[in-house]
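Topology and contacts: notes
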Amino acid sequence: MIAGCSAAAAMAQAQANDAGSHTPHARYAVLPPHLSSDTFAPLSSSSPLQTWNGSYVYNGKTYTYNMVGVAPSEGVSVTIPVYIIPVKIVVTHSGKRYTFDPAHVLSNGDSVIENTTESPLFTHSIDYKLGTIDVGTTQYIDAYQRANFWGTVRYHTNSHLLLGNPTVLPERTFTVPLNAGTTGSPFGFTAGLVDINYFDAQIPGIIAAEGLPANAFSIFLTYDVYLTQAGSCCIGGYHSAEGSLSNPHSYTQASYVDHPGAFGQDVSALSHEIGEWVDDPLTVKPNGNQTPCGMLENGDPLEGFANFGDYPYSLGGFTYHLQDLAMLPYFGAPRSTSANGWFSFHDARLSVCSNGA
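Report follows, based on the coordinates. Just so you know, these numbers come straight off a predicted model, no measurement behind them.

Conventions used here
- Position labels on residues start from 1 in each chain and follow its written sequence.
- It should be noted that, the model being predicted, local features are given only for residues of pLDDT at least 70 and side-chain atom pairs only at 80 or more, the latter also being counted only at that level, while totals for whole chains, interfaces and linings use all residues.
- In computing side-chain values, all of the structure's heavy atoms are included and hydrogens and water are not.
- Only protein chains enter the accessibility calculation, which uses a 1.4 Å probe; a residue is then buried when its area is under 20% of its type maximum, exposed when over 50%, and partly exposed in between.
- The secondary structure listing takes helices from DSSP runs of H or I that are at least 4 residues long and strands from runs of E that are at least 2 residues long, numbered from the N terminus.
- When DSSP locates at least two bridges between a pair of strands, those strands are taken to pair.
- A side-chain nitrogen of Lys or Arg and a carboxyl oxygen of Asp or Glu constitute a salt bridge if their distance falls within 4 Å.
- Stacked, tilted and edge-to-face are the three classes assigned to paired rings of Phe, Tyr and Trp, where Trp is represented by its six-membered ring and a pair needs centres within 6.5 Å; plane angles under 30 degrees give stacked, over 60 edge-to-face, the rest tilted.
- All tallies of charge rest on Lys and Arg as positive and Asp and Glu as negative; His and the ends of each chain are not included.
- In this analysis, two residues are considered to be in contact whenever any of their non-hydrogen atoms come within 4.5 Å of each other.
- Working convention: axes come from line fits to C-alpha atoms, limited for helices to the stretch in contact. Angles between N-to-C directions cover 0 to 180 degrees.
- Under this scheme an angle from 65 to 115 degrees is roughly perpendicular, one under 35 degrees roughly parallel, and one over 145 degrees roughly antiparallel; angles in between are oblique.
- Crossing handedness: left-handed means the near helix sits turned counterclockwise from the far one by under a right angle, and right-handed means the same turn made clockwise.

1. Quick notes on the pairing of strand S6 (residues 82-93)
- Counting buried positions along S6 gives nine out of 12 residues, so the element sits mostly inside the fold.
- Two strands pair when backbone bridges link them, and S6 and strand S15 (residues 217-223) are joined in this way by five bridges, in the parallel orientation. By the bridge assignment for S15, Val82 is matched with Phe217.
- Pairing of S6 with strand S11 (residues 167-168) involves two bridges; the strand directions are parallel. By the bridge assignment, Tyr83 is partnered in S11 with Thr167.

Put into structure tokens, the structure is as follows:
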């Protein structure tokens with residue numbers, strides 16, 4: 001987890017061109033939300049994103065949080081509308097143009113976009129079991145959140161947080177200026193490298209032009225692209241929010257990487273970002289839900305583990321890689337909160353705040 005900042009214009013060219021030469025550091029990001037005063041018109045006339053508030057006590061201090069959906073104690077199922085905006089990236093390096101297009105067809109015959117929408121993030125085809133506890137045949141993030149609050153969900157088994165069937169919008173093309181993009185080989189293959197602040201600056205206009213509703217979640221999907229910040233690579237994805245204070249629209253960028261074993265392989269980055277969005281959707285207060293470890297970024301403590309914290313899941317003849325996510329006991333909540341009292345969905349060897357946040 002890193003906070004966003006704007007690089008000085010005079011340094012941008014050098015940063016972009018030099019990003020591929022540094023030792024790569026696999027990481028994710030969260031950027032401060034772009035939220036205007038409510039004296040201005042809200043982003044759209046839709047209802048706000050459905051969220052709920054909770055709290056826990058650690059070492060005598062109360063920590064509060066705001067998460068997507070409704071409280072597990074309500075025992076109801078909530079479905080959040082999802083929009084996917086494929087983003088074609090065009091960069092120039094040494095006079096040659098390179099294109100990284102999510103319409104690319106993969107070895108299984110599906111495009112990057114199709115492989116994403118058919119992944120365990122959106123389908124209900126895998127039965128998730130944590131030891132002897134079966135949290136259900138459902139979507140990956142719903143399984144995680146049910147396990148995260150299993151101490152409550154076990155008594156309210158109809159509690160679900162689901163992602164709606166994604167609406168795929170027309171592809172957008174970012175022809176990245178020389179001072180904001182290049183190529184590099186940080187993980188042994190040619191990848192697009194794009195400055196995170198340049199990328200994020202394009203998002204508000206697209207959200208406004210598409211009229212995307214505030215009660216939905218938008219995914220800006222790239223292919224074989226890493227974001228850079230201050231000349232440093234490699235960011236696999238980030239999340240933030242846009243709109244007004246009372247009606248913000250949350251969104252993420254995540255890259256689909258088509259190279260076995262590489263950082264962000266297939267939907268790994270997206271699983272990380274959706275998991276963090278669920279538990280910290282609006283990155284406010286002023287910098288996200290706070291815990292004894294810092295922000296409640298539940299993917300960050302696992303990204304440094306073997307395989308970048310990824311676990312394989314086979315579905316439809318394809319092996320997807322989904323990242324492990326920390327559960328609330330890691331952030332200081334009682335062990336009774338989660339399934340088996342585990343600190344992560346895949347029972348990683350963790351203790352409270354052991355890997356930061």
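2. Points about the pattern of salt bridges
- This structure, assessed with the given rule, holds four salt bridges.
- Where Lys88 meets Glu171, a salt bridge forms, and the shortest distance between an N and an O atom there is 4.0 Å. You can see Lys88 sitting in strand S6 and its partner Glu171 sitting in the loop between S11 and strand S12 (172-175), a full 83 residues away along the chain.
- A relative accessible area of 21% places Lys88 in the partly exposed class.
- Classification of Glu171 as partly exposed rests on a relative accessible area of 31%.

3. As for the packing of aromatic side chains
- What the rule picks out here adds up to 26 aromatic pairs.
- Between Phe189 and Tyr226 the ring centres are 6.3 Å apart and the planes differ by 50°, which places this aromatic pair in the tilted class. Residue Phe189 is found in the loop between strand S13 (181-184) and strand S14 (191-195), and its partner Tyr226 is found in strand S16 (residues 225-229); the two are separated by 37 residues along the sequence. Residues Phe189 and Tyr226 agree in their burial class; the two are buried.
- With a centroid separation of 5.3 Å and 55° between ring planes, the pair formed by Phe263 and Phe308 is classed as tilted.

4. Some points on the environment of Gly192
- By the secondary structure assignment, Gly192 is in strand S14.
- By relative accessible area, Gly192 is classed as buried at 0%.
- Gly192 sits 33 residues away from Val225 along the chain, and the two C-alpha atoms are 4.4 Å apart.

5. Description of the side chain of Glu276
- Note on placement: Glu276 falls in helix H6 (residues 268-279).
- Arg27 provides the closest opposite charge to the buried, salt-bridge-free Glu276, at an N-O distance of 12 Å.
- If we skip the residues at most four places from it in the chain, Glu276 touches His239, Pro281, Glu297, Asn298, Gly299 and Asp300.

6. Some details on the pairing of strand S4 (residues 61-68)
- Sheet topology note: the strand S3 (residues 51-58)/S4 ladder contains eight bridges and is antiparallel. From the neighbouring strand, Thr51 faces S4, where its bridge partner is Val68.
- The antiparallel pairing of S3 with S4 creates a hairpin that spans two residues between the two strands, and Asn59 there sits at a positive phi of about 50°.

7. With respect to the packing of helix H3 (residues 140-148) against H6
- Where H3 meets H6, the closest approach of the two axes is 10 Å, and the angle between their N-to-C directions is 45°. Classed by the angle they form, the pair H3 and H6 counts as oblique. Both H3 and H6 take part in a crossing whose hand is right-handed. Residues Tyr140, Ile141, Tyr144, Gln145 and Asn148 of H3 touch H6, and the partners they reach there are Ser271, Ile274, Gly275, Val278 and Asp279.

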